[in-house]
Amino acid sequence: MKKFLAVTLGILTAIGGFVDIGDLVAASQSGARFGMSLAWVMLVGVVGICAYAEMAGRVVAITNRPVFDLVRERLGPRMGLLNLVASFLVTLMTLGAELGGVALAVELATSVHRLLWVPVAGVVLWVALWRVKFETLERVFGLAGLLLVVFVVALFQMHAPWPDLWHQALSPMPDQGENWNTYFYFGISLFASALTPYEVFFFSSGGVEEKWGPKDLPVMRANVFIGFPLGGLLALGLMAVAAVVYHPLDVQLNSLAQVALPVAATLGKLGLAAAILAFFATTFGAAMETGLSSAYVVAQYFGWPWGKLLGPRRAARFHVVLMVSILIGMAVLFTTINPIQLTEYMLVFSAVVLPLTYLPILVVANDRQYLGDHVNGRFANAVGMVFLVVVVVAAVAAIPLMIVTGAGG
Amino acid sequence: MKAGRWAGVGVALLLIWAGLAYCAGPADAHEYRRTAVQAAQAGLNAVRTAALAGVSDRDGKLIDPYLSVLIDESAGAVASAQNQLAAQPPPDDATRTLRDQLAPLLLDAAGAVGDLDHATSAGDDAGIDAVVARLRQLGDRLNDLVDRYR
Amino acid sequence: MILFVGFDLLDRQILDRDGQDVGKVDDVEFTVGEDGSPYLTALLVGPEALGRRLGGWLGRVVSGVAARLAMARPGPIRIPYDAVEKVDNAVHLKIRRELLPEPELEAWLREHVIARIPGNDHEE
């Protein structure tokens, strides 16, 4: 019974932890702009993250080494360094975007300007990670993220036109007055929001610290194959709400306040409070994960002791990188860039960096020397290869599309 | 070899300067139209969001801090749209007509959002309804403009 | 035991007797034996060693930063190959990492940055 509860808790935390500021922005904006016609991208993205997270988790369980650790071994120190720089910079950008999301969420509840919350969010984040009380925080924020279900509730309460939504989802094309460039630009952002690199770094590093072994594979798979798709469903809920309320009005979303408005209009103050709390929980949880991930990748490349369970005196370099990452994240926000815009750029650059993150995982997951009999089967490889192609296409098209569409303007 | 490297740097700088000069030049009709449509869309986003907010507030569904953030954002969006439109003078007659249609709409939008702020602060339900009606009307006209000139 | 240095050893994680991270095999040291053939004598750990292997201006930057920090002891940390217990997907040492010299950067940061911030001696 206790084991069942632990597993359920793990899955619930995974569901709530799936969504971050990237999903909040990409899913809502896609819904407002294109209705449900980009829903398939969310589906594809979820399948992709499930496949690769399972591979990464399997690598961790068998070798007890996190995935990024093995990048340098397999690709060599030069390619590894390139990978490190790209991954670190993108994860740093993501950290900035998440902190911005936290500041925005608190602004919605207090009307105090978001820039004033940025230092507060940064300091609180740093203290939480400095004092190393991670597991409780992860649980609390992961479960609070489940409050996003309020969007699904709102959908039912507003008597969403399900046949219309379904019909939109089945016609994957831009509607009248929109062009394919913008459609694919939003599609790539949505795809990147499901597959952001830090998720894999964090997932595999966590597995090492929890000392996963082969017998933990079933639980790991449950977390991945149940948790992530249900998390994707929450993101689809966000898309659907925007599709029902904003799409018919031809209104484009560019603020978190707009995202929550339909929930308020349908469910009143309680629904609004739940939505704001959900925004806070998902972004703060993601800020913790991205902060740690940025330090993980640097430490794992150089071989330093690392870990969210290691105190500062035992892992000085790791904690200093963590501190510097949070400072840089805050500095980016102090340029007064709109966090939503920062998130949009972050998604594009994540898309560009995706092949660097996922190719090594596929390579390592096929290496008998590391995994013995647990190497990828034919199915895993088929899915992995297909996704690699998709990821490369997305990476190549991302920046040109951003330029051509003026970042979706 | 050193001279070659400096020459390369010089050419790169020249290209960057030329690029910036090109971007900073006066807008041609196509660019102006695109900018104007963006400004109109931004105005549309703001007024329709504000209308939704007004209705929800009248129905007692919003908390005050949240409403004030929404209204501030709408007002800010309309102001940037106005700035965006005013940044460049229209290069030809067609675009001048476009500006003459859009600018008053954005001006009205700014006024309406301000009035919404008053009405919601005062808790004046009838006032809110009136402003929401204006916002909706403005939304329809902005939408027409966007559709026509996209 | 036959090891292919390039595949099995270089860039692999080094763990001590307790499974704690020590560093990566940034480089290796060969010595020429009495019969004239080279054999592996030590693992080299540290940014100086890594910088040398990276080569080019990038490597020089990495080594340069490291050299600037090296106060007490110049050069990378040298782990004699005798201290290696086994090599599987990591290099496992027979000794605890406390017996090895501490990396310069770690020590410097701990003294000058971490120690100055309150609450740094907590651990889960």
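Higher on the page you've got the structure.
Residues numbered from 1 in each chain as written. Chains lettered and ligands numbered in written order. Predicted model: local features only at pLDDT ≥ 70, side-chain atom pairs only at ≥ 80, totals over all residues. Heavy atoms only, no water.

Now for the overall build of chain A. Scanning chain A from N- to C-terminus turns up 16 helices and zero strands. Relative to a compact globule of 409 residues, whose C-alpha radius of gyration would be 22 Å, chain A shows 20 Å and is just as compact. C-alpha extents for chain A along the principal axes are approximately 55 × 50 × 45 Å. Taking all 409 residues of chain A together, the buried fraction comes to 64%. In chain A, 84% of the contacts between residues at least 6 apart in sequence involve partners at least 24 apart. Looking at chain A as shown, the accessible area adds up to about 14200 Å², and 72% of this sits on carbon and sulfur atoms. (Helix = DSSP H or I, 4+ residues; strand = E, 2+ residues; numbered from the N terminus. Rg over C-alpha atoms; globule rule 2.2 N^0.38 Å. Buried < 20%, exposed > 50% of the residue type's maximum accessible area, 1.4 Å probe, protein only. Contact = heavy atoms within 4.5 Å. Areas by Shrake-Rupley, 256 points an atom, 1.4 Å probe, with all protein chains shown as cover.)

Looking now at the overall build of chain B. From N to C terminus, chain B includes five helices and zero strands. In sequence order, chain B lays out its α and β elements as α-α-α-α-α. A globule of 150 residues ought to have a C-alpha radius of gyration of about 15 Å, yet chain B, at 21 Å, is considerably larger. On the principal axes, the C-alpha backbone points of chain B span a range of 75 × 40 × 20 Å. The long-range fraction of contacts in chain B, counting pairs at least 24 apart against all pairs at least 6 apart in sequence, stands at 80%. When the accessible surface of chain B is totalled, it reaches about 8100 Å², and 59% of it is carbon and sulfur. Between the mean site of the 14 positive side-chain charges and the mean site of the 19 negative ones, chain B shows a separation of 11 Å. (Lys, Arg positive; Asp, Glu negative; His and termini not counted. Charge placed at Lys NZ, Arg CZ, Asp CG, Glu CD.)

Moving on, we get to the pattern of salt bridges. All names here are of chain B. This model, assessed by the stated rule, comprises 24 salt bridges over all chains. Salt-bridge contacts for Asp-115 lead to Arg-134; the nearest nitrogen and oxygen are separated by 2.9 Å. Pair noted here: Asp-115 is in helix α4 (residues 93-122) and Arg-134 is in helix α5 (residues 125-149), with a separation of 19 residues, a long-range link. On the basis of relative accessible area, Arg-134 is assigned to the partly exposed category, the value being 37%. (Salt bridge = Lys/Arg side-chain N within 4 Å of Asp/Glu carboxyl O.)

In this section: the nonpolar core. Counting residues in each nonpolar core, the largest one holds 193 residues, and the members touching the most others are Leu99(A), Leu125(A), Phe151(A), Phe279(A), Tyr66(B), Leu102(B) and Leu135(B). Tallying contributions element by element places helix α12 (residues 256-302) of chain A first for this core, with 24 residues. Ile14(C), Val25(C), Leu43(C) and Tyr81(C) belong to the second-largest nonpolar core, a separate cluster that totals 18 residues. (Core = buried A, V, L, I, M, F, W, Y, C linked by side-chain atoms within 4.5 Å.)

Let's shift gears to the interface of chain A and chain C. Every contact between the two is made by 35 residues of chain A and, on the other side, 37 residues of chain C. Summed over both partners, the interface of chain A with chain C buries about 3300 Å², with 52% contributed by carbon and sulfur atoms. At the boundary of chain A with chain C, the tally comes to six salt bridges. There are eleven residue pairs in polar contact (both at pLDDT 80 or more) connecting chain A and chain C. When contributions to the side of chain A that touches chain C are tallied by element, the ones reaching two or more residues are α4 (67-110), α5 (114-130), α12, α13 (316-334) and α15 (368-371) of chain A. (Buried area = accessible area lost by both parts, 1.4 Å probe. Polar contact = N/O pair within 3.5 Å; in protein donor to acceptor, adjacent residues only side chain to side chain.)

The next point concerns the interface of chain B and chain A. Taken together, the contacts link 22 residues of chain B with 29 residues of chain A. Between chain B and chain A, roughly 2100 Å² of surface is buried when both sides are summed, and carbon and sulfur atoms account for 61% of that area. Contact with chain A buries area across many residues of chain B, yet Leu52(B), Lys61(B) and Tyr66(B) alone supply 28% of it, more than any other trio. Across the chain B-chain A interface, the total number found is zero salt bridges. Summed over the shared surface of chain B and chain A, the result is eleven residue pairs in polar contact (both at pLDDT 80 or more).

Residue and element names in this part refer to chain B. Considering the arrangement of structural elements, one finds Leu-145 in helix α5. For Leu-145, a relative accessible area of 1% gives the class buried. Between the C-alpha atoms of Leu-145 and Gln-101, which are 44 residues apart in sequence, the distance is 8.3 Å. Setting aside residues no more than four positions away along its own chain, Leu-145 makes contact with Ala-40, Leu-98, Gln-101, Leu-102 and Leu-105.

The subject of this paragraph is the sheet that holds strand β2 (residues 21-24) of chain C. Residue and element names in this part refer to chain C. If you trace the four strands from one edge of the open sheet to the other, you get β2-β1-β7-β6, paired in mixed fashion. Each end of this open sheet is capped by a strand with a single partner; those strands are β2 and β6 (84-87). The average angle at which neighbouring strand axes cross in this sheet is 25°, direction not considered. Summarising the sheet, strand β1 (residues 13-15) and strand β7 (residues 91-93) pair through two bridges and their orientation is parallel. Within the sheet, the bridge partner assigned to Leu-15 lies in β7 and is His-92. (Pairing = 2+ DSSP bridges. Axes fitted to C-alpha atoms, helices over the stretch in contact; angles between N-to-C directions.)

With that settled, the discussion passes to helix α6 (residues 134-145) of chain A. Residues and elements named next belong to chain A. Helix length check: α6 (twelve residues) gives 16 Å between terminal C-alpha atoms against 16 Å at 1.5 Å per residue, within 8%. For α6, the set of buried residues is Phe-134, Phe-141, Gly-142 and Gly-145. Seen from one end, α6 has its buried residues packed into an arc of 105°, which puts them on one side. (Expected span 1.5 Å × (residues − 1). Arc of directions from axis to C-beta.)

The next subject is the packing of aromatic side chains. All names here are of chain A. Per the counting criterion, the structure on display carries 22 aromatic pairs over all chains. Pairing Phe-156 with Trp-162 gives two aromatic rings, centres 5.0 Å apart and planes at 45°, and the pair type is tilted. Judged by its relative accessible area of 39%, Trp-162 is partly exposed. One aromatic cluster is present, built from ring pairs that chain together Phe-34, Trp-180, Tyr-183, Phe-184, Tyr-185 and Phe-186. Seen from the ring of Tyr-301, Arg-72 lies directly overhead, with NZ or CZ sitting 5.0 Å from the centre. (Phe/Tyr/Trp six-rings, centres within 6.5 Å; stacked < 30°, edge-to-face > 60°. Lys NZ or Arg CZ within 6 Å of the ring centre and 35° of its normal.)

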